[in-house]
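Chain by chain, the residues:
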Amino acid sequence: MPTPVGLAVHPGEVVALIGENGAGKSTLMKIIGGVYQPDEGAVFIEGREVVINSVADAIRLRIGFIHQELNVLDNLDVASNIFLGREPRRFGLLRLIDGGRMYRDARVYLERLGLDVPPDTPLSRLSIAQQQMVEIAKSLSQEARILIMDEPTSSLTLTETERLIEVVRELRAQGVSIIYISHRLGEVEALADRVVALRDGRNAGELSRAEVSHERMVRMMVGRDIANFYVRPEGGARESAFEVRALRTRRYPQHAVSFAARRGEILGFAGLVGAGRSELAQAIFGVEPPVAGELALDGRALKIRSPQDAIRQGVYLAPEDRRRAGLILEEAIRKNVSLPSLARYASAGLVNADAEGRAAKEVCGRLNVKAPSVEVAAGTLSGGNQQKVVLAKWLAREPKVLIFDEPTRGIDVGAKHEIYELMRGLARAGVVIIMISSDMEEVLGVSDRVAVMHEGRLTGVLEREQCSEEAVMRLAVGRTETAAA
Amino acid sequence: MRKELGTFILLVVLCAVVAAINPRFVGGANLQNMARLIGMYGIFSIGLGVVIITGGIDLSVGSVFALLGVLLSITLTTWHWPPALAVAAVMCVSVGLGLVHGLLVTRVRIQPFIVTLCGLLFYRGLARFIANDETKGFGTGQGFEWLTALATGSLFGVPAPFILLVVVAAVMWVVLHRSIYGRYLFAVGRNEEAARYSGVNARAVVASAYVVSGLTAGVAGILLAFYTNSVSPSSHGNFFELYGIAAAVLGGCSLRGGEGSVVGILIGTALLQVLQNLVNLLGIPSSLNFAVMGAVILIGVVADQLLKRRQPLAVARESAGGGTPPPPRMAAGSAGGAGD
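Looking at the overall build of chain A
Thinking step 1. Along chain A, the regular secondary structure elements total 18 helices and 22 strands.
Thinking step 2. Whereas a compact globule of 485 residues would reach a radius of gyration of roughly 23 Å, chain A reaches 24 Å, a difference of no more than 12%.
Thinking step 3. Within chain A, buried positions represent 54% of all 485 residues.
Thinking step 4. The contacts in chain A between residues at least 6 apart in sequence include a share of 66% that link residues at least 24 apart.
Thinking step 5. Put simply, chain A shows about 21,200 Å² of open surface, and 48% of that area lies on carbon and sulfur atoms.
Thinking step 6. Charge separation in chain A, taken as the distance between the mean sites of 63 positive and 65 negative side-chain charges, equals 3 Å.

Right, here's the structure in full:
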């Protein structure tokens, strides 16, 4: 049933578009960007109705689109990316690329964005954030007056996010209209002149600058109050259960990391992207075996050289990139859930598909996975349900230590809450929970204690009462307590 | 299942057309001969299919046949080894080469195409050198009649290689479609990273696929040597790896990995043999042999793509796996057509 939806943006305004996954944000933006055509309705620019039948139309109408996944070619340099398909020509018929002009022009756009890299830098040498700036530069070079940004910060670090927000503000000051899609409400609060919420493909409300608050945004998105969005820590004395001693990862062999996670707690791991948290998790799980170090669970040494070792001993990882490392998207939920545990559903090496299906159904029911059946491909599910299938893999076994790496990235608000409750439930049941997250609010909202890393080093572990955004940030940028004092 | 059905219908239609034009197609002698060839080709095609399911490729099979044939001839007729020992030795060589391929792919991380392309060149050269570039035979076959019988004999009118294929196919069907190992093969072929994160020893699984291919190539190589009864090292087994790849692809294996079935590979093999047969029976100039095969494979694969596009479910899967039509499929067809 098609439902009408509307949106207006003024010159020099940042409109944040929020809503759960599947609320219709991306669809609406793709219509404006010329990727899809509307069944009904029209787009007006400066009062005149325009027809956008293709991406080329959108570009001609000076609508720029920064997609969530980067659309850059990392085998070309910065300027070639900016002018891809529109390279300045010379020598008429020969149609050679006018390199001099291209690099000169590129420099102008880079300066406008404050991106301090030479235009002939190969794109592969840039960070994700810098590559994104190149995409924005490309839109600017097409003289975009309307810029759509679809979750531009989902893979940026905190400092990069701040820089991006600054850039967006500068563009606004230059008169560009910006439609900004984000799941990160903190960002939205900091940036938006107006917030438009969508729910189930229709407008669900609008907040002016003065009205914007966390609770109101959540309420608009989910259509009800979430009394306590983060599942609060519970406190209480606990003893160490899982110990990591002098672990050196391959990426940062010069730093030995030691910490202990307590039974019943959620130990958060904060830090900037690239701080070595994922590498630490991968070393513990045996995907990238550490170069040195010891692990112990309840005082007994764990020997983990491969994921098989880890799984055998009840140490599990829900990886950061669930589409690449967490799931086989083309395979049925059943086959994904059973993959680490096939031996349980088999005799003489042959799999009993009935037993396998029953177990998958049971655990997916427990986790409230929304899917027509366990036989559908995991890739057809929403992000939140995909994450639940990843967890189902491990909860079909008996977890002792469960590491969540960015468990709620790209997941909508409702599913996030479910994941938090699940983590808390597991912690209560005695599972050691380690949660790596780059979302500051999440780390502070969910963790009992917060460990902070910086460039491969563990810079500190904060007790609940010491936790604050400033304290975490100070450690995340590498200042340890003594150095800061 | 649907994928196999398409190829199966193509096979049935083709058989019906050929039979209608030339009734000799369904004659006992012709059917028997075709079944024998299907037997030999099917056995190594299944092994090749296993490699393809892991996302790899094995180009060395044809050259391995030449090497095995030469070695068999020398061990049996020059050195007079006991036949069982000669067979065991040749199987060890074939499986060993598969293991080497597997280790080069998984430990040294060289692309399967390159590893087995080097194998294709190397074993061919080795076979020619060992044989002094002379055609090797098996004389009167005295002392190892049972080996000859395996390749050329029949049981109740059914050619022995076909019976062997049925056994191999049955075993491999269970292994691929019912066993834990089979599940791992598909998982690794679909997404090696995710399989690894689920505790699958991906490297061992991939390496083992080449061993399986070595195993089936060994069996088929021995049959082929005794079937031809003379091994000319520069041409023996030429292009056989491409027939195997073509059979697997026709049977629904994706060169991207993660897809395929034993039944499909069998249908693909049969289809290729019927095509060969058709050229002879319909009086098409035999120089067009490869052209016919290439054209039919191409038509089959294109039809498959077009059909898939009309099925919404399959489309969703395509886009998830990167929906570009795989060019290597074309390569399998056109390389066969350009050859000779």
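Additional details are given in the paragraphs that follow.
Things to note about the overall build of chain B
Thinking step 1. Helix and strand counts for chain B stand at 15 helices and four strands.
Thinking step 2. Relative to the 2.2 N^0.38 estimate, which gives 20 Å for 340 residues, the radius of gyration of chain B is 20 Å and therefore close to what a compact globule would have.
Thinking step 3. Projected onto its principal axes, the C-alpha positions of chain B cover 60 × 55 × 35 Å.
Thinking step 4. A burial count over chain B gives 54% of its 340 residues as buried.
Thinking step 5. Intrachain contacts of chain B at a sequence separation of at least 6 include 78% that bridge at least 24 residues.
Thinking step 6. Summed over its atoms, the accessible surface of chain B is roughly 14,300 Å², and 69% of this surface lies on carbon and sulfur atoms.

Structural notes on the sheet that holds strand E4 (residues 63-66) of chain A
Each strand in a sheet pairs with another by means of backbone hydrogen bonds, the pair being arranged parallel or else antiparallel.
Residue and element names in this part refer to chain A.
Thinking step 1. With mixed pairing, six strands are arranged side by side in an open sheet as E4-E7-E8-E1-E9-E10. One side of each edge strand has no neighbouring strand; the edge strands of this open sheet are E4 and strand E10 (202-208). Each neighbouring strand pair of the sheet contributes to a mean axis angle of 20°, computed without reference to strand direction.
Thinking step 2. Pairing analysis gives five bridges linking strand E7 (residues 146-150) to strand E8 (residues 177-181), with the strands arranged parallel. Within E8, the residue paired with Leu147 across the bridge is Ile178.

Some details on the packing of aromatic side chains
All names here are of chain B.
Thinking step 1. Inspection of the entire model under this criterion finds 18 aromatic pairs over all chains.
Thinking step 2. Note on Phe44 and Phe240: the rings are 6.1 Å apart at their centroids and 25° apart in plane angle, and the pair reads as stacked. Separated by 196 residues along the polypeptide, Phe44 in helix H2 (residues 28-53) and Phe240 in helix H11 (residues 240-250) bring together distant segments of the chain.
Thinking step 3. Judged by its relative accessible area of 12%, Phe240 is buried.
Thinking step 4. Joined through ring pairs, the aromatic side chains of Tyr41, Phe44, Phe65, Phe240 and Tyr243 make up one cluster.

Brief notes about the nonpolar core
Thinking step 1. Grouped together as the largest cluster of nonpolar side chains are 103 residues, with contacts concentrated most on B:Leu72, B:Phe226 and B:Leu272.
Thinking step 2. Discounting residues that sit within four places of it in the chain, B:Leu72 has contacts with B:Ala86, B:Val90, B:Phe138, B:Ile222, B:Ala225 and B:Phe226.

Some details on the packing of H2(B) against helix H7 (residues 160-178) of chain B
Residues and elements named next belong to chain B.
Thinking step 1. Taken N-terminus to C-terminus, the directions of H2 and H7 make an angle of 25°; their axes are 7 Å apart at the nearest point. Relative to H7, the element H2 lies roughly parallel. Considering how the two elements wind past one another, H2 and H7 form a crossing that is left-handed. When H2 is examined against H7, the residues Ala35, Arg36, Ile38, Gly39, Met40, Gly42, Ile43, Ile46, Val50 and Ile53 are found in contact with a partner set consisting of Ala160, Pro161, Phe162, Leu164, Leu165, Val168, Ala169, Met172 and Leu176.
Thinking step 2. Its residues assigned to classes, the contact of H2 with H7 comprises 16 nonpolar, two polar and one charged.

Section: the sheet that holds strand E14 (residues 292-297) of chain A
Residue and element names in this part refer to chain A.
Thinking step 1. Taken together, four strands build an open sheet; the order of strands is E12-E11-E14-E15 and the sheet is antiparallel. One side of each edge strand has no neighbouring strand; the edge strands of this open sheet are strand E12 (257-262) and strand E15 (300-302). Put simply, the sheet's adjacent strands are angled 20° from each other on average, direction ignored.
Thinking step 2. Pairing geometry for strand E11 (residues 240-248) and E12, over five bridges, is antiparallel. By the bridge assignment, Glu243 is partnered in E12 with Ala260.
Thinking step 3. Across the sheet, helix H9 (residues 277-285) lies against E11, E12 and E14, angled at about 105° from E11, the strand it touches most.

Digging into the pattern of salt bridges
All names here are of chain A.
Thinking step 1. A complete count under the given rule lists 31 salt bridges over all chains for this structure.
Thinking step 2. Residues Asp309 and Arg312 are paired through a salt bridge, measuring 3.1 Å at the closest nitrogen-oxygen approach. Here Arg312 and Asp309 lie together in helix H10 (residues 307-312), a separation of three residues that amounts to about one turn.
Thinking step 3. A relative accessible area of 60% means that Arg312 is categorised as exposed.
Thinking step 4. Across the pair Glu463 and Arg449 runs a salt bridge, and its minimum N-O distance is 4.0 Å. Taken together, the residues span a long stretch of sequence, with Glu463 in the loop between strand E22 (457-462) and helix H17 (469-476) and Arg449 in strand E21 (residues 449-454) at a distance of 14 residues.
Thinking step 5. Arg449 sits in the buried class, given a relative accessible area of 7%.
Thinking step 6. Here the residues in one salt-bridge network are Arg262, Glu265, Arg449 and Glu463, joined through shared partners.

As for a nonpolar patch on the surface
Residues and elements named next belong to chain B.
Thinking step 1. Taken together, the side chains of Val100, Leu104, Val108, Ile110, Phe113, Ile114, Leu117 and Leu121 make up a nonpolar region of the molecular surface, amounting to roughly 660 Å² of accessible area.
Thinking step 2. Of all the secondary-structure elements, those providing two or more residues to the nonpolar patch are helix H4 (83-106) and helix H5 (112-130).
Thinking step 3. The element that contributes the greatest number of residues to the nonpolar patch is H5, accounting for four residues.
Thinking step 4. Checked against the element boundaries, Ile114 lands in helix H5.
Thinking step 5. When its relative accessible area of 39% is taken as the criterion, Ile114 is described as partly exposed.

A word on the interface of chain A and chain B
Thinking step 1. Across the contact, 30 residues belong to chain A and 21 residues belong to chain B.
Thinking step 2. Roughly 2,200 Å² of surface becomes buried between chain A and chain B when both sides are summed, with 59% attributable to carbon and sulfur atoms.
Thinking step 3. Along the contact surface separating chain A from chain B lie three salt bridges.
Thinking step 4. Here B:Arg190 and A:Glu331 are joined by a salt bridge, their closest N and O atoms 4.0 Å apart.
Thinking step 5. Taken together, chain A and chain B are joined by nine residue pairs in polar contact (both at pLDDT 80 or more).
Thinking step 6. Taken together, the elements giving at least two residues each to the side of chain A that touches chain B come down to H9, H10, helix H11 (322-326), helix H12 (333-338), strand E18 (350-351) and helix H14 (383-395) of chain A.
Thinking step 7. Broken down by element, the residue count for the side of chain A that touches chain B peaks at four residues, all from H11(A).
Thinking step 8. The residue inventory of the side of chain A that touches chain B, partitioned by class, reads 17 nonpolar, five polar and eight charged.

Conventions and cut-offs
- Residues numbered from 1 in each chain as written.
- Chains lettered and ligands numbered in written order.
- Predicted model: local features only at pLDDT ≥ 70, side-chain atom pairs only at ≥ 80, totals over all residues.
- Heavy atoms only, no water.
- Helix = DSSP H or I, 4+ residues; strand = E, 2+ residues; numbered from the N terminus.
- Rg over C-alpha atoms; globule rule 2.2 N^0.38 Å.
- Buried < 20%, exposed > 50% of the residue type's maximum accessible area, 1.4 Å probe, protein only.
- Contact = heavy atoms within 4.5 Å.
- Areas by Shrake-Rupley, 256 points an atom, 1.4 Å probe, with all protein chains shown as cover.
- Lys, Arg positive; Asp, Glu negative; His and termini not counted.
- Charge placed at Lys NZ, Arg CZ, Asp CG, Glu CD.
- Pairing = 2+ DSSP bridges.
- Axes fitted to C-alpha atoms, helices over the stretch in contact; angles between N-to-C directions.
- Phe/Tyr/Trp six-rings, centres within 6.5 Å; stacked < 30°, edge-to-face > 60°.
- Core = buried A, V, L, I, M, F, W, Y, C linked by side-chain atoms within 4.5 Å.
- Parallel < 35°, antiparallel > 145°, perpendicular 65-115°, else oblique.
- Left-handed = near helix turned anticlockwise from the far one by under 90°.
- Nonpolar A, V, L, I, M, F, W, Y, C, P; charged D, E, K, R; others polar.
- Salt bridge = Lys/Arg side-chain N within 4 Å of Asp/Glu carboxyl O.
- Patch = residues over 30% accessible without salt bridge, like charges linked within 9 Å, V, L, I, M, F, W, Y side chains within 5 Å.
- Buried area = accessible area lost by both parts, 1.4 Å probe.
- Polar contact = N/O pair within 3.5 Å; in protein donor to acceptor, adjacent residues only side chain to side chain.

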